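Here is how the chains run, residue by residue.
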Amino acid sequence: MTHVHDVRHTTAAGDVTPPAPGPAPLLPAATAVTLAETALTRAGLAPGDARDVAEALTETSLRGIDTHGLRLLPQYLDELADGIATARPEIRTLRDSGAAVMLDADGALGVVAGLAAARIAAERARTHGVAAVGVRNSNHFGAASVYSRHLSRQGLVGIVTTSAASRVAPFSGTEPLFGTNPLSFAAAVEDDEFALDMATSQVCFGEIKERRKHGMALDAGWATDTEGRPATDPEQAYALSPLGGYKGQGLAMVATLLGAVLTGSPGDWELEHIGASTPGRSRGIGHLVLCLDPAAFAGVTEFAEGLTGLLDTTRGAPAGADAEQPVQVPGDPQRRVAAERAERGIPLDPHTTRAFAALAAGQGVAWPEVSA
């Protein structure tokens, strides 16, 4: 087995990235989509696929999940240039039993493969009440909530997971075996939603990176050193710890079971990391998209009433005396960030700023003023 041990080059979706210190350009979402779409089209993607990827990355950054948003575009362009990702994939159906479909993504960008699976899942769930679409031979697909929310916006319930290169040691273990394997669940009613997108590690690497940058100690339980001992010095972090100990390990294994084993894809420990993959070869990532149609269960009206009750009741629960904020439901922080960034623009880190400024210059697009 091939293990990649250093946790210093990865992040996990679902966390709102804290703003970087100092002034940063605020990129309007429409400009971000235009720049990304043009760059992807020039890299060989079909126009529809280029638009899908550009919108997915921009939406993710709008929601504050910067680690899986626009900053991934340069990496995706590199993977297209290196032949890791296929610009014009021939996604084909390997098996089809009606409610269950198995796809080979032909090395597509993960966003292209993930949305293809989500669209099939929505169509089949309308017919069968439930649908499961597996994907193999794919690549990094960004934030899992892109696909679960794609389904929830159509009045369906989306459940999504994917395999990922190993970063997390099993409970009591020393070597990384599992990725930060996300689990995402989404359901929506009118202008409200439940949108959970969580890593199965104790914390995402983005937080460890921030602690390194500012010389701050890690919280106990976040990571371990090379001997499997708790690491509070961020420079000694060797493997991420599973969320909630053995329970988090169990959830990570569920994601691997569904995203890799069920789809016939390599295990997390066999995958190459994004940014360190072999040119000319797909990373072989597996995804699973599940879709449930409320019409086949409680019915659309009763489901909507029940979901509204769940969301309202949870938010209405009294907060603790020392709580700094009211009780929230998954997706609330991202919705607030999205509203703010839609108005003000998306802040970019220095690396992404350089990449998008170069794209803007090449496309003759005005670059926004730096905002304090």
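Since the structure is predicted, the reported quantities are computational estimates derived from the model, not experimental observations. (Residues numbered from 1 in each chain as written. Predicted model: local features only at pLDDT ≥ 70, side-chain atom pairs only at ≥ 80, totals over all residues. Heavy atoms only, no water.)

Asker: Sorry if this is basic, but what is going on with the sheet that holds strand 5 (residues 157-162) here?
Answerer: Read from one edge to the other, the open sheet built from seven strands follows the order 2-3-4-10-5-6-7, with strand pairing classed as mixed. Whereas interior strands pair on both sides, the edge strands pair on one side only; in this sheet they are strand 2 (92-96) and strand 7 (192-198). Pairwise comparison of adjacent strand axes, ignoring direction, gives a mean angle of 15° for this sheet. One ladder, built from five bridges, connects strand 3 (residues 100-104) with strand 4 (residues 130-138); its direction is parallel. Counted as the bridge partner of leucine 103 is valine 135 from strand 4. (Pairing = 2+ DSSP bridges. Helix = DSSP H or I, 4+ residues; strand = E, 2+ residues; numbered from the N terminus. Axes fitted to C-alpha atoms, helices over the stretch in contact; angles between N-to-C directions.)

Asker: What exactly am I supposed to notice about the nonpolar core here?
Answerer: What tends to happen in soluble globular proteins is that the nonpolar side chains get buried as a cluster. Formed by 53 residues in total, the largest nonpolar core has its most connected members in Leu40, Leu45, Val53, Leu70, Leu73, Leu109 and Phe356. A per-element tally of this core places helix 4 (residues 110-128) first, with nine residues. Counting residues in each nonpolar core, the second largest holds eight residues, with Ile208, Trp222, Ala223 and Ala237 among its members. (Core = buried A, V, L, I, M, F, W, Y, C linked by side-chain atoms within 4.5 Å. Buried < 20%, exposed > 50% of the residue type's maximum accessible area, 1.4 Å probe, protein only.)

Asker: Explanation requested: helix 10 (residues 350-363) in the structure shown.
Answerer: Each α-helix turn comprises 3.6 residues. Residues three or four places apart therefore point the same way. Between its terminal C-alpha atoms helix 10 stretches 20 Å, which fits the 20 Å expected from 14 residues at 1.5 Å a residue. Buried residues of helix 10: Thr352, Thr353, Phe356, Leu359, Ala360 and Gln363, and no others. Along helix 10, the residues classed as buried sweep out an arc of 130° about the axis, all on the same side. Exposed and facing more than 90 degrees away from the buried side of helix 10 are Pro350, Arg354, Ala361 and Gly362. Sitting at the amino-terminal end of helix 10 is aspartate 349, which places a side-chain oxygen 3.1 Å from the backbone nitrogen of histidine 351. Positive backbone phi, at 70°, marks glycine 364, one or two positions downstream of helix 10. (Expected span 1.5 Å × (residues − 1). Arc of directions from axis to C-beta. Polar contact = N/O pair within 3.5 Å; in protein donor to acceptor, adjacent residues only side chain to side chain.)

Asker: Where do I start with the packing of aromatic side chains in this structure?
Answerer: Note on aromatic pairs: each is described by the distance of the centres and the angle between the planes. Under the defined criterion, the tally for this structure stands at two aromatic pairs. On the numbers, 4.6 Å between centres and 25° between planes, the contact of phenylalanine 141 with tyrosine 147 is stacked. (Phe/Tyr/Trp six-rings, centres within 6.5 Å; stacked < 30°, edge-to-face > 60°.)

Asker: Honestly, empty space enclosed by the protein in this entry has me stumped. Any pointers?
Answerer: Over the atoms, a rolled probe matching the size of one water molecule traces out where space is still vacant. The final tally for this structure, using the stated rule, is one cavity of 30 Å³ or more. Within this model, the largest cavity holds a volume of roughly 30 Å³. Lining the largest cavity, in full, are Ala56, Leu57, Thr60, His68, Val111, Phe141, Gly142, Ala143, Val146 and Tyr147. At the level of secondary structure, the elements contributing two or more residues to the lining of the largest cavity comprise helix 2 (47-62) and helix 5 (145-152). At three residues, the largest contribution of residues to the lining of the largest cavity is made by helix 2. (1 Å grid on protein atoms, 1.4 Å probe; cavity = no way out; pocket = protein on both sides within 12 Å on 5 of 7 lines; lining within 4 Å. Points joined across faces, edges and corners; volume = space filled by probe spheres on them.)

Asker: Any chance you could explain unusual backbone geometry here in plain terms?
Answerer: A positive phi angle, close to 60°, is found at asparagine 137, a residue other than glycine. As for its position among the elements, asparagine 137 is in strand 4. Residues other than glycine seldom take positive phi values, yet glutamate 190 does so here, at roughly 50°.

Asker: How should the pairing of strand 5 be read in this particular structure?
Answerer: Taken across its six residues, strand 5 has five buried, putting it largely inside the fold. Both strand 5 and strand 10 (residues 285-292) contribute to a ladder of six bridges, which runs antiparallel. If you follow threonine 162 over to strand 10, its bridge partner there is histidine 287. Inspection of the sheet shows strand 5 paired to strand 6 (residues 183-189) by four bridges, in the antiparallel sense. Looking at strand 6, one finds that valine 160 is bridged to serine 184.

Asker: Any chance you could explain the pattern of salt bridges here in plain terms?
Answerer: Pairs may arise between side chains of opposite charge once their charged atoms sit close together. Within this structure, the stated rule accounts for 20 salt bridges. In this structure, arginine 315 and aspartate 192 form a salt bridge, with 2.8 Å as the shortest nitrogen-oxygen distance. With arginine 315 in helix 8 (residues 300-315) and aspartate 192 in strand 7, the pair connects residues that are 123 residues apart, well separated along the chain. On the basis of relative accessibility, which here comes to 14%, the residue aspartate 192 falls in the buried class. Residue arginine 281 is joined to glutamate 272 by a salt bridge in which the shortest nitrogen-to-oxygen separation is 3.3 Å. Here arginine 281 falls in the partly exposed class, since its relative accessible area comes to 44%. Three or more residues joined by partner-sharing salt bridges are found here, namely Glu59, Arg63, Arg149, Arg153 and Glu193. (Salt bridge = Lys/Arg side-chain N within 4 Å of Asp/Glu carboxyl O.)

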